[in-house]
Amino acid sequence: MITRLVEDHAQALARKAELPAFVYDLAALRGHAAEVKEALSGPGAPEIFYAAKANPDAPILRALAPYVDGIEVASGGELAHVREALPDARLAFGGPGKTDDELELALNLGVERIHVESPYELTRLASIARTTGREVDVLLRLNLAGDRSGVALAMSGPFGMDPGLMESCTDILSASPEIHLRGIHAHLASGLDASAMVAQSAEILAWGRTWLDRIGHTGPREFNLGGGMAVDYRTPNTRFDWKQYGAGIAAMAQPGETLRIEPGRSISVYSGWYVTEVLDVKKAHGQWYAVLRGGTMHIRTPVTKQHNQPFVVLNRDSAGPTVTNEPVTLVGQLCTPKDVFAREIPTGHITVGDLVAFSMSGAYAWNISHHDFLMHPKPAFCYLDA
Ligand SMILES: *Cc1c(COP(=O)(O)O)cnc(C)c1O
């Protein structure tokens, strides 16, 4: 659950009093990305665009670059950042509420595909392309209702266009020769296992093919089937079944089509640890608590997802308050009862001075957190390479 490299480094950081820290194992990240790429490499396999919003740190992007076909960005900020970190990467730009400035930046920075979210956005993009004398390749972002019960996050609401709204794009497209419609994009839900993901992809392909046929779309077609591959924080050692997904997708691929996916969490989550140390151990109203340096202002993930962040305790030659073989709740330094990493978890033995390494901290962790709340020091960031 924790790699040797990260464990050794955690001990070294503790000796130098440099905790808490986000520690990344780039070799583990590359190994995982290589496995995903391998599972999606035969005929009919989809291209992989890593969704930068899961973790846009430059060392993460650079480690992933050889194993992915491109990067998906969701704002002008991500766009500029990723372009700088990976000057030659193929980019796709999606996300709601794109401003004119962001769209123009996308044209200037050579984004390969823009995922258009609404008819109004399409109109604005066409006019920017016209004024700047450029051509643009787009996918229309589709939002299908369907039954997404049981998923971690259904992307209902303002994302993309329902079938009715898609219809309003056809006149704009015919009147805008600078826009080239290449196909359909859809990101409908997250937290799907491989069979659910294959079924969802089939739904997108069926709808998209029929629609593109009907509007008389000719030429090669693209379908971006989204991200959202399941990550199970309760079982840190299980992985999304990429082989099963790859086989399912390959079986649906048709000649003349490019398929593409844009996973984020399932790619980077396993390669990061939030490492910290125990500041206090005590019992209150019958419940044991370990108070850790840092808190959910560094890693908001367990609060957002309402889960227990998986962890290992690294015992040290510590002395001080201790608890043995009792369920312990791990909390941080914030003055709020919501600052909880994990609740009532049986831990063999935990003492003031021990280290706690939270695994599965490589995605939607630091970058979704409210860093300045209470003004504690920021964590260190370590990108280890074997
Ligand atoms: C967030 C997002 C993704 C990545 O989702 P994961 O759950 O991290 O795989 C992909 N595409 C779009 C449009 C997104 O908003």
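Definitions and cut-offs
- Residues numbered from 1 in each chain as written.
- Predicted model: local features only at pLDDT ≥ 70, side-chain atom pairs only at ≥ 80, totals over all residues.
- Heavy atoms only, no water.
- 1 Å grid on protein atoms, 1.4 Å probe; cavity = no way out; pocket = protein on both sides within 12 Å on 5 of 7 lines; lining within 4 Å.
- Points joined across faces, edges and corners; volume = space filled by probe spheres on them.
- Nonpolar A, V, L, I, M, F, W, Y, C, P; charged D, E, K, R; others polar.
- Buried < 20%, exposed > 50% of the residue type's maximum accessible area, 1.4 Å probe, protein only.
- Helix = DSSP H or I, 4+ residues; strand = E, 2+ residues; numbered from the N terminus.
- Contact = heavy atoms within 4.5 Å.
- Polar contact = N/O pair within 3.5 Å; in protein donor to acceptor, adjacent residues only side chain to side chain.
- Domains from an automatic or database assignment.
- Buried area = accessible area lost by both parts, 1.4 Å probe.
- Salt bridge = Lys/Arg side-chain N within 4 Å of Asp/Glu carboxyl O.
- Pairing = 2+ DSSP bridges.

**A look at empty space enclosed by the protein**
One way to see where empty space is left: roll a probe the size of a water molecule over the atoms.
Then, in step 1: Tallied over the full model, the rule gives one cavity of 30 Å³ or more.
Then, in step 2: Each pocket or cavity is described by its volume, and for the largest cavity that value is around 50 Å³.
Then, in step 3: Forming the boundary of the largest cavity are Tyr 24, Ala 54, Asn 55, Asp 57, Ser 361, Gly 362, Ala 363, Tyr 364, Ala 365, Trp 366 and Asn 367.
Then, in step 4: Tallied by class, the residues present in the lining of the largest cavity amount to six nonpolar, four polar and one charged.

**Comments concerning helix α4 (residues 76-85)**
Then, in step 1: For α4, every residue scored as buried is listed here: Gly 76, Glu 78, Leu 79, Val 82, Arg 83 and Ala 85.
Then, in step 2: Lining the buried residues of α4 we find α3 (58-64), β3 (70-73), β4 (91-93) and α5 (100-108).
Then, in step 3: A side-chain oxygen of the first residue of α4 lies 3.2 Å from the backbone nitrogen of Gly 77; this N-cap is Ser 75.

**Thoughts on the domain arrangement of the protein chain**
Then, in step 1: For the protein chain, the assigned domains read domain 1 (4-22 + 270-384) and domain 2 (90-263).
Then, in step 2: Inter-centroid distance (C-alpha atoms) of domain 1 to domain 2 is 38 Å.
Then, in step 3: With eight residues of domain 1 in contact, the opposing surface of domain 2 contributes eight residues.
Then, in step 4: For the pair domain 1 and domain 2, the two sides together bury roughly 680 Å², of which 67% comes from carbon and sulfur.
Then, in step 5: Taken as a group, Tyr 270, Lys 305 and Met 360 account for 71% of the area that domain 1 buries against domain 2, more than any other trio of residues on that side.
Then, in step 6: Counting every contact that joins domain 1 to domain 2 gives zero salt bridges.
Then, in step 7: Run the count over domain 1 and domain 2 and you get zero residue pairs in polar contact (both at pLDDT 80 or more).

**Let's talk about the pairing of strand β10 (residues 221-224)**
Then, in step 1: Along β10, one buried face is formed by Arg 221 and Phe 223 and the opposite face, lined by Glu 222 and Asn 224, is buried too.
Then, in step 2: Looking at chain direction, strand β8 (residues 179-185) and β10 are connected through three bridges and run parallel. Counted as the bridge partner of Gly 183 is Glu 222 from β10.
Then, in step 3: Direction of pairing for β10 relative to strand β11 (residues 257-261): parallel, over a ladder of four bridges. In the sheet register, Glu 222 faces β11, and the bridge partner there is Thr 258.

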